[in-house]
Amino acid sequence: MPSMVKTNALLSFSLFLVLFHGSLGLTADRSRNHQGQCQLDRLNALKPDNRVRSEAGLTESWDPSHDQFQCAGVAVVRRTIEPNGLLLPSYSNAPQLIYIVQGRGVAGTLMPGCPETFQESQGQGSRGLQDQHQKVHRFREGDVIALPAGVAQWCYNDGNERVITVAVLDVANNANQLDDMSPRNFYLAGNPQEDFQQEQGQSRQRREQRTGRQPFRGHDQQQQCSNIFCGMETSLLAEAFKVDEQVARRLQNESDRRGNIVKVKGGLQIVMPPSLRQEEHEQEHRGEHRNGLEETMCTMRIRENIGDASRADVFTPEAGRISTLNSHKLPILRHIQLSAERGVLYNEAMMVPHWNLNAHSIIYGIRGQAHVQVVDHSGRTVFDGEMREGQVLTVPQNFAVVKRSDQQNFEWVSFKTNDNAMISPLAGRTSALRAMPAEVLANAFRISVEDARRIKFERQETTLISRRSTRSGNWAEA
Amino acid sequence: MPSMVKTNALLSFSLFLVLFHGSLGLTADRSRNHQGQCQLDRLNALKPDNRVRSEAGLTESWDPSHDQFQCAGVAVVRRTIEPNGLLLPSYSNAPQLIYIVQGRGVAGTLMPGCPETFQESQGQGSRGLQDQHQKVHRFREGDVIALPAGVAQWCYNDGNERVITVAVLDVANNANQLDDMSPRNFYLAGNPQEDFQQEQGQSRQRREQRTGRQPFRGHDQQQQCSNIFCGMETSLLAEAFKVDEQVARRLQNESDRRGNIVKVKGGLQIVMPPSLRQEEHEQEHRGEHRNGLEETMCTMRIRENIGDASRADVFTPEAGRISTLNSHKLPILRHIQLSAERGVLYNEAMMVPHWNLNAHSIIYGIRGQAHVQVVDHSGRTVFDGEMREGQVLTVPQNFAVVKRSDQQNFEWVSFKTNDNAMISPLAGRTSALRAMPAEVLANAFRISVEDARRIKFERQETTLISRRSTRSGNWAEA
Amino acid sequence: MPSMVKTNALLSFSLFLVLFHGSLGLTADRSRNHQGQCQLDRLNALKPDNRVRSEAGLTESWDPSHDQFQCAGVAVVRRTIEPNGLLLPSYSNAPQLIYIVQGRGVAGTLMPGCPETFQESQGQGSRGLQDQHQKVHRFREGDVIALPAGVAQWCYNDGNERVITVAVLDVANNANQLDDMSPRNFYLAGNPQEDFQQEQGQSRQRREQRTGRQPFRGHDQQQQCSNIFCGMETSLLAEAFKVDEQVARRLQNESDRRGNIVKVKGGLQIVMPPSLRQEEHEQEHRGEHRNGLEETMCTMRIRENIGDASRADVFTPEAGRISTLNSHKLPILRHIQLSAERGVLYNEAMMVPHWNLNAHSIIYGIRGQAHVQVVDHSGRTVFDGEMREGQVLTVPQNFAVVKRSDQQNFEWVSFKTNDNAMISPLAGRTSALRAMPAEVLANAFRISVEDARRIKFERQETTLISRRSTRSGNWAEA
């Protein structure tokens, strides 16, 4: 059947194209609204600028007007959720990646039009009425959760220790048609303060002076109410939900002082997903189908673990490990155009000098500390210092960077503004210098051909290296 | 033949991917140039700001520098074409969607490189010479016409009543590489005034002061001539068209005072397409092939009706109907990244509170009036008022909105800045609140679980509701 | 086997979609960061503004802050490389197209993760050690080379005459997440000056005054060192490359005064690709597979010739020829969203009036001179003058343009900001006027139907015309 062979050949081309298209990392279809103010003279490793305490947790945000966040077009927020704490449902104008630094819990993502597939068993509901709702996801330390712009999510800590999350909102992403560079959270419930405070009072004041307008104030609302139901008439809400006005008024949560993370007394009694172990086991068993082709938005995975050592993509026994999460592993990332990297550097190990080819990298320090140097196009050092646990440092696209752990292990997660972010290492097995003929190096650096070969071949490792490396550097034997 | 099965399975994956890719509405490949100045304190339902009368019609435009149009990155224009009126051929730097509010006529879209498939029959041409030209499209009330950036179009009213069209030009669309936010129409003929007036005299003056430059004035041109032939030497035109200079000069339409809509005495004698009924009948018969795969730019449909009640996607007998037009129904929309929604609300009916997940919505009132409320991320009401026939209101992405008809039916068309715009309803069968466990609602809103279930399940309808609804709200029976 | 037939039919649809998707030239997935400041009153044919001499060549750049480059979002640079000159490896924040105006040589593109496929034969290396490196490409006059953002490249003149290249960097391309509008070259070696000088001293000074900050100065660096190794500690480099500090310091090329093009004494002794003729011969023999489906980034073609007369897409014996290079011919262009056009106009021939439908066009004059007119949307002539060899003129998207050679042949290359740039001619066989019914023209231009037919049909040629044309203009015979 020769035509069959041809058919299959064509098919594999066709599928290849699909994969290839995604794998380039250089493709055209990733796009960003905003080109950064990246005229950066100096970067800083930054701690959060704002702290807002809630009934059952803490929201810490980095001021998005910092130069390095304006350059990268992102906003960063860290949340601490106490056991039995519920982060109220909200959506944002920017897609985001959330990394679970610590703890475990459940999250619900509200996809319009997707079915309510979780049902209470008979008798579980009060008064014999059964509840049903959309899928609830378990999460644990080391997970990355992807959340598209405009999609609402709630989150609950059902564990025994605090949940700590770090989220990067990609404000410059094209999915955000709304606003220059301001992340905005729209809460469906509660009466929270704004998560991101950005010298806000001033700018609003200035705007009012400039436009000569007073802001319009809706009915029944003066800071005592900040969710999206607040701006609507209670009678309309009552009609919309077919409930009496008293219940409708509760949607507006007026004068609720609990903040955006509220305490659930006695714990949340809901239809829970199977245990995490069981869920992951099932995922592995449908492994061969996890190729991104058969998933719809309603069943699409939004979570993947990159914290476990067993998931490392680069592993050098003496130096450390790196796990990457891109749109091949988690297809929804193709739609939100972000990816992530989780790294561990052992003491006195180094991640070789490299540049981010097609993305900004927003690094969050999880544990320990490292010495980091970042260099711009003119050879100027724009960062040369320590980066510590709990700090954020942005490495702009194309800037060269080198990291070296200091006295202890260094662990980090990097959020990258491309769904297939690529690095180009300068040293080691996959380096740019190794890709060039030794004669080119010799002439470029005015060194002997032997020295050029040393520079090309002495380091055999990929990306992560250690002084204590036992691998032979004698490339001639290779 | 097991491999055959596999082949087909792979194929269906492959096709699914294509469909799925499009259906997400969250995909990454829609992108916009400009992120709005969406720091809006107040929205307004706006009437046109400019009126320009022509020989056979009227052009009314909304000033694109209004805050809400700057936020959405669009410009809006309404045209009235008298019977026998011809809108001169022009192209624009922005893709656009045109809605036919009233009337019927024909339009020609000039696609470079596409064949002239319409030919005069023998003897029809004067002096025995046959004319031939590209396809001419019929249109009628309720049609949406899609027009890519840079593609020229003319339009003629061959009916007995006025044609009224409303067009939204998506200036922030990436297809417009040209200009910050200004829509520009390039006329191939005539001597029209600019369609969009944007405190223009002033800004030009200011620019000249700033740059210290006088604008360069070409030969034979001082406002008496404004089509694209005006700026070229007559002798070059004569050579280009191989005609004498006298004819070439007519291309420049100097001192033509008819404006952009001119009267055709005796009516246009051209090769007309078959009647609309016949054309649509043919479309339905090639229905199964209308999947977007086999269409080239030359044969691609540019028109689809969403005015007919029979095309409703959401229909609630007591409340009204909604028809949507996205890139699944009209594949060219994938290329211009816009979609449309046509709605009818019966008297005292409501479109439930919702937010636009991935698009701005530019609403044009076709008939009647409604009470509309729009709420921003901080719960502030940025619009709370009546919206009437002939007015335009922009609802920014992610802002919550509720519409309720007032004393009479309300009809509208919404233009959306995403080819698969999605809404996320807050009440009713597909709502975000219904997607959450009742226990989450109870804790979020500090209400009983029974009230939470009421909020989730009382409203059984989808999107459109009426007080007079006969449907049972007793969800427990569901 | 009916299902087989269906399979193949589906397949061909699927493939068609792929091709079709690309062929539109109107598709949505091309996007740009920046919308130009295209409020241009006047364009100019520009010579380079800056000249930087190196040991073995010359770098001339156009100031990217010129209005027309700000509008197009590009930067232009011309390099002259002497025989035995080596352009040091560098990468840029913008994708670029490079046209080889003169000469021949070899280039190496450093793709991270791609294998070192070129190996020295035994005994060729000194001390018996064999070098290996990534593929090296030959190039010659008339070639276009495509280079993605963030990918490093070096280039060497192994011929007997100077190599002259002109490159357009698409700074507004979405692949550049880095910077407003500034092209930045990151050198891996040497100590070159910045390629683009943009009233730089002033703007930096202004920025410092504004921010009240002093730029941060790294260690061992004060203009004597400008490659990306300069900003890193020598001890870290020594550790990264496992070499002693003395060798590591050579990577920083401190006080190297050779500039970015250095002289290779005795010529570069590397593993060279087969002769150009052989390489092109091989390309032709794998012709049927060159459909873009089976190429990965590592084996993707980055080069194509458009200088040879035999490659013309439009050829009019009396008037000249045009060759276009788009993403169908060179698939990598799909990823960098640029295309090119090479044209020759014989003496007193004309490229008919037309507009660029979906791209800006940046024209570089290769030989001779032409009279060019460019017209904006209001009919204003924004350019009316001569364009000469070595000059650059930008024609913004949608502006009408006409070119006519003057006293001698005119040769040019145009770089276009869309991977399938389309033009819409106003005269000739494929013109917009021809696409309209003669009756529409007659009414639009107030001419007789006969004159309208003359305007439509007298010119039979496509795009290029000559007074001396022997083709009959008697359209009635057609």
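Conventions we followed
- Residues numbered from 1 in each chain as written.
- Chains lettered and ligands numbered in written order.
- Predicted model: local features only at pLDDT ≥ 70, side-chain atom pairs only at ≥ 80, totals over all residues.
- Heavy atoms only, no water.
- UniProt positions renumbered as here; feature names shortened; annotations may be inferred.
- Helix = DSSP H or I, 4+ residues; strand = E, 2+ residues; numbered from the N terminus.
- Buried < 20%, exposed > 50% of the residue type's maximum accessible area, 1.4 Å probe, protein only.
- Contact = heavy atoms within 4.5 Å.
- Areas by Shrake-Rupley, 256 points an atom, 1.4 Å probe, with all protein chains shown as cover.
- Disulfide = S-S within 2.5 Å.
- Pairing = 2+ DSSP bridges.
- Axes fitted to C-alpha atoms, helices over the stretch in contact; angles between N-to-C directions.
- Polar contact = N/O pair within 3.5 Å; in protein donor to acceptor, adjacent residues only side chain to side chain.
- Parallel < 35°, antiparallel > 145°, perpendicular 65-115°, else oblique.
- Left-handed = near helix turned anticlockwise from the far one by under 90°.
- Core = buried A, V, L, I, M, F, W, Y, C linked by side-chain atoms within 4.5 Å.
- Phe/Tyr/Trp six-rings, centres within 6.5 Å; stacked < 30°, edge-to-face > 60°.
- Salt bridge = Lys/Arg side-chain N within 4 Å of Asp/Glu carboxyl O.

By the naming in an unreviewed UniProt entry, chain A goes by Cupin type-1 domain-containing protein and is assigned to Salix suchowensis. Listed under Sequence similarities (unreviewed entry) in UniProt, the entry text for chain A is "Belongs to the 11S seed storage protein (globulins) family." Regarding chain A, the relevant UniProt record gives this comment under Subunit (unreviewed entry): "Hexamer; each subunit is composed of an acidic and a basic chain derived from a single precursor and linked by a disulfide bond."

So, on to the overall build of chain A. When helices and strands are counted, chain A shows 9 helices and 27 strands. When each of the 478 residues of chain A is scored for burial, the buried share is 68%. Taking the contacts inside chain A whose residues are at least 6 apart along the sequence as the reference set, 75% of them involve residues at least 24 apart. Counting every atom, chain A has about 16,200 Å² of accessible surface; 45% of that belongs to carbon and sulfur.

Structurally, a disulfide amounts to a covalent bond that connects the sulfur atoms of two cysteines. Residue and element names in this part refer to chain A. Using the criterion set out here, one finds 9 disulfides over all chains in the structure. Between the sulfur atoms of C114 and its disulfide partner C298 the distance amounts to 2.0 Å. Torsion about the S-S bond of the C114 and C298 cystine: about -85°, corresponding to left-handed handedness. Separated by 184 residues along the polypeptide, C114 in the loop between β6 (104-110) and β7 (118-119) and C298 in the loop between α6 (276-285) and β15 (303-305) bring together distant segments of the chain. The connectivity of the disulfides in chain A is 1-2, 3-6, 4-5, where the numbers refer to bonded cysteines in sequence order. Unpaired in terms of disulfides, C155 finds its nearest cysteine sulfur in C114, a separation of 19 Å. C155 sits in the buried class, given a relative accessible area of 10%.

All names here are of chain C. Mapped onto the fold, N260 is located in the loop between α5 (245-250) and β14 (261-263). On the basis of relative accessible area, N260 is assigned to the buried category, the value being 3%. The residues contacting N260, other than those within four sequence positions of it, are S54, T59, R79, L86, L87, L88, Y187, P192 and D195.

Sites flagged by UniProt as "domain: Cupin type-1" (unreviewed entry) map to residues 43-249 and 304-453 of chain A. Helix makes up 12% of residues 304-453 of chain A and strand 45%. Its end C-alpha atoms lie 41 Å apart.

Backbone-to-backbone hydrogen bonds join strands into a sheet, with any given pair of strands oriented parallel or antiparallel. Residues and elements named next belong to chain B. As summarised here, the arrangement of the 7 strands in space is β1-β2-β3-β12-β5-β10-β15, forming an open sheet in which the pairing is antiparallel. Edge positions in the open sheet fall to β1 (50-54) and β15 (303-305), since each of these has one partner strand only. Here the strands of the sheet are splayed against their neighbours by 20° on average, with no regard to which way each runs. Relative to strand β12 (residues 163-169), strand β5 (residues 96-102) is paired through 6 bridges, and the arrangement is antiparallel. Residue pairing across strands places Q96 opposite L169, the latter belonging to β12.

Within helix α8 (residues 438-445) of chain B, 8 of the 8 residues are buried, which leaves it mostly tucked inside the rest of the structure. Among the residues of α8 of chain B, those classed as buried are A438, E439, V440, L441, A442, N443, A444 and F445 of chain B. Packing partners of the buried residues in α8 of chain B comprise β4 (85-92), β11 (152-156), α5 (245-250) and β14 (261-263) of chain A together with α9 (449-457) of chain B. In the segment just after α8 of chain B, R446 of chain B is the residue with positive phi, at about 55°.

Another aspect to go through is the environment of R388 of chain B. Residue and element names in this part refer to chain B. Residue placement: R388 occurs in strand β22 (residues 381-388). Overall, R388 belongs to the partly exposed group, its relative accessible area being 39%. As a C-alpha pair, R388 and A370 span 18 residues in sequence and 6.8 Å in three-dimensional space. Here R388 is in contact with G365, G368 and Q369, once residues within four sequence places are set aside. Within the structure, the side chain of R388 is placed 3.1 Å from the side chain of Q369, a separation counted as a polar contact.

Before going further, it helps to spend a moment on the packing of helix α8 (residues 438-445) of chain A against helix α9 (residues 449-457) of chain A. Residue and element names in this part refer to chain A. At a closest axis distance of 8 Å, the pairing of α8 and α9 adopts a crossing angle of 110°. With respect to each other, α8 and α9 are oriented roughly perpendicular. In this structure, α8 meets α9 at a crossing whose hand is right-handed. Residue-level inspection shows A438, E439, L441 and A442 of α8 in contact with α9, the latter providing V449, A452, R453, I455 and K456.

So, on to the nonpolar core. By size, the foremost hydrophobic cluster in this structure holds 133 residues, and its most contacted members are W154, L188 and F241 of chain B together with V374 and L433 of chain C. Listed in part, the 132 residues of the second largest apolar core include L345 and L393 of chain A together with I145 and W154 of chain C.

For the rest of this paragraph, the subject is the pairing of strand β2 (residues 57-61) of chain B. Residues and elements named next belong to chain B. When you tally the buried positions in β2, you get 5 out of 5 residues, the bulk of the element. Neither face of β2 is exposed, since G57, T59 and S61 on one face and L58 and E60 on the opposite face are all buried. Inspection of the sheet shows β1 paired to β2 by 5 bridges, in the antiparallel sense. If you follow S54 over to β2, its bridge partner there is G57.

Scanning the entire structure with this criterion turns up 21 aromatic pairs over all chains. Ring centres of Y91 of chain B and W355 of chain C lie 3.9 Å apart, and the angle between their planes is 10°; on these two criteria the pair is classed as stacked. Of the two residues, Y91 of chain B sits in strand β4 (residues 85-92) while W355 of chain C sits in strand β19 (residues 349-356), which places them in two different chains. Their ring planes at 5° and their centres at 4.9 Å tell us that Y91 of chain C and F186 of chain C sit as a pair that is stacked.

Counting buried positions along helix α4 (residues 234-241) of chain C yields 7 of 8 residues, so the element is predominantly enclosed. Residues T234, L236, L237, A238, E239, A240 and F241 of chain C constitute the buried set of α4 of chain C. Contact partners of the buried residues in α4 of chain C: β19 (349-356), β21 (369-375), β24 (400-405), α9 and β27 (464-466) of chain A together with α5 of chain C. Immediately downstream of α4 of chain C, the backbone of K242 of chain C shows phi near 55°, a positive value.

Below, the discussion takes up the environment of D451 of chain C. All names here are of chain C. Looking at the secondary structure, you find D451 in helix α9 (residues 449-457). Placed 50 residues apart in sequence, D451 and V401 show a C-alpha to C-alpha distance of 23 Å. A distance of 2.7 Å separates the side chain of D451 from the side chain of R454, its partner in a polar contact.

Moving on, we come to the pattern of salt bridges. Residues and elements named next belong to chain C. Counting across every chain of the model gives 72 salt bridges over all chains. The salt bridge partner of E141 is R367, with a shortest N-O separation of 4.0 Å. Of the two residues, E141 sits in the loop between β9 (136-140) and β10 (143-147) while R367 sits in strand β20 (residues 361-367), which places them 226 residues apart along the sequence. The class for R367 is partly exposed, based on a relative accessible area of 35%. For the salt bridge of E411 with R367, the shortest nitrogen-to-oxygen distance reads 3.1 Å. You can see E411 sitting in strand β25 (residues 410-416) and its partner R367 sitting in strand β20, a full 44 residues away along the chain. Note on E411: relative accessible area 13%, which makes it buried.

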